[in-house]
Amino acid sequence: MLQKNMQYDRESLKKRLILYSPNIVNLCLDSYGKEKQRGRLYHEYTIQPMVFTTLFEAFEKMDALYDALQFPQAATEIRDFRVDRKERERMIRESGGELALPEHIKEELEKVEEFEKVIEQRGKEATFVIRVKFRQHSSWQGEITWVDGQKKEYFRSALELIKLMDSALHMQDH
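Given the structure is predicted, the values throughout are model-derived calculations rather than measurements.

Student: What is the right way to read the nonpolar core from this model?
Tutor: Among soluble globular proteins, nonpolar side chains are generally buried collectively. Counting 25 residues, the largest nonpolar core has Leu27, Met62, Phe128, Ile130, Trp140, Leu161 and Met165 as the members making the most contacts within it. Those elements that place two or more of their residues in this core are strand E1 (25-32), helix H2 (55-69), strand E4 (126-134), strand E5 (141-146) and helix H6 (158-173). If we skip the residues at most four places from it in the chain, Met165 touches Leu27, Leu29, Leu55, Phe128 and Ile144. One finds Ile24, Phe115, Ile119 and Val129 within the second-largest nonpolar core, a separate group that totals 9 residues.

Structure, rendered in structure tokens:
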């Protein structure tokens, strides 16, 4: 009997579209246009949603979350025009070979929201649950679940992630 129940649990787990991961982000799009994409981000480390007005802003907030979690770890450091090359090299030398995390990211994150409550939130236009597995080649790789369409796809870059979201929204319009 126990063997049969274990088999049933494995089968139901395989069929579930969204599996637990500590870095899952629920991206709820409330409006989607060429210039503005408004919505909210939900994750386990804050009760209040993170509001965004463009996908670029949403991705910046997600990247900051991954930096704070240190999961998934970034394989490369993103360059920035605000810090010149000599200053960056000095900062790396002083930190012993690694660029230290900014002060606002250094604090430990604690889970304050239940996983099920994070993924139950919905956007007015569409809802996507995003799980970034890797941050390699200065981009993201992972899986995206289009909740409204009950479909899951894998992406190899942030650009491919955006294209998958855009294709889902165009399918929804027709």
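Student: I would appreciate a short explanation of the pairing of E4 in the present structure.
Tutor: When a strand is regular, its side chains alternate between the sheet's two faces. Two elements, E1 and E4, share 5 bridges in a ladder whose sense is antiparallel. By the bridge assignment, Val25 is partnered in E4 with Ile130. As paired elements, E4 and E5 share 6 bridges and run antiparallel to each other. Of the residues in E5, the one forming a bridge with Ile130 is Ile144. Connecting the antiparallel pair E4 and E5 is a turn made up of 6 residues, with His137 showing a positive phi of about 55°.

Student: Got a minute to help me understand the side chain of Arg135 in this structure?
Tutor: Position of Arg135 relative to the elements: it lies in the loop between E4 and E5. Engagement of the side chain of Arg135 in a polar contact is seen with the side chain of Asp67, the distance being 3.0 Å. From its side chain, Arg135 meets the backbone oxygen of Pro72 in a polar contact 2.7 Å long. When neighbours within four sequence positions are excluded, Arg135 is seen to be in contact with Asp63, Tyr66, Asp67, Pro72, Gln73, Ala74, Ala75, Trp140 and Gln141.

Student: Would you mind showing me how to read H2 here?
Tutor: A turn of α-helix holds 3.6 residues, and therefore any two residues three or four places apart point the same way. Spanning 15 residues, H2 covers 21 Å between terminal C-alpha atoms, matching the ideal 21 Å at 1.5 Å per step. Those residues of H2 that fall on the buried side of the exposure criterion are Leu55, Ala58, Phe59, Met62, Leu65, Tyr66 and Ala68. Positive backbone phi, approximately 55°, marks Gln70, located one or two places after H2.

Student: Would you mind going over the packing of aromatic side chains with me for this structure?
Tutor: Each aromatic ring pair is described using two quantities: the centre-to-centre distance and the angle formed by the ring planes. Considering all chains together, one arrives at 3 aromatic pairs under this definition. When the ring of Tyr66 is compared with that of Trp140, the centres are 5.6 Å apart and the planes differ by 80°; the resulting orientation is edge-to-face. Of the two residues, Tyr66 sits in helix H2 while Trp140 sits in the loop between E4 and E5, which places them 74 residues apart along the sequence. The class of Tyr66 is buried, set by a relative accessible area of 0%. On the basis of relative accessible area, Trp140 is assigned to the buried category, the value being 6%. Site record: aromatic cluster; members linked through ring pairs are Phe59, Tyr66 and Trp140.

Student: Just checking my understanding: could you explain the pattern of salt bridges for this structure?
Tutor: Counted by the stated rule, this structure contains 9 salt bridges. As a salt-bridge pair, Asp63 and Arg135 come within 2.8 Å of each other at their nearest N and O atoms. Of this pair, Asp63 sits in helix H2 while Arg135 sits in the loop between E4 and E5; the two residues are 72 residues apart in sequence, bridging distant segments of the chain. Classification of Asp63 by relative accessible area gives partly exposed; the value is 24%. Of the charged contacts, one joins Glu143 and Lys152 as a salt bridge, the two residues approaching to 3.5 Å between their closest N and O atoms. Take Glu143: its relative accessible area is 6%, and that puts it in the buried class. Residue Lys152 is classed as partly exposed on the basis of its relative accessible area, which comes to 23%. Ionic contacts of the salt-bridge type, sharing partners, join the residues Arg131, Lys133, Glu143 and Lys152 into one network.

Criteria and thresholds
Residues numbered from 1 in each chain as written. Predicted model: local features only at pLDDT ≥ 70, side-chain atom pairs only at ≥ 80, totals over all residues. Heavy atoms only, no water. Core = buried A, V, L, I, M, F, W, Y, C linked by side-chain atoms within 4.5 Å. Buried < 20%, exposed > 50% of the residue type's maximum accessible area, 1.4 Å probe, protein only. Helix = DSSP H or I, 4+ residues; strand = E, 2+ residues; numbered from the N terminus. Contact = heavy atoms within 4.5 Å. Pairing = 2+ DSSP bridges. Polar contact = N/O pair within 3.5 Å; in protein donor to acceptor, adjacent residues only side chain to side chain. Expected span 1.5 Å × (residues − 1). Phe/Tyr/Trp six-rings, centres within 6.5 Å; stacked < 30°, edge-to-face > 60°. Salt bridge = Lys/Arg side-chain N within 4 Å of Asp/Glu carboxyl O.

Interpretation in functional terms is not warranted from these geometric data alone.
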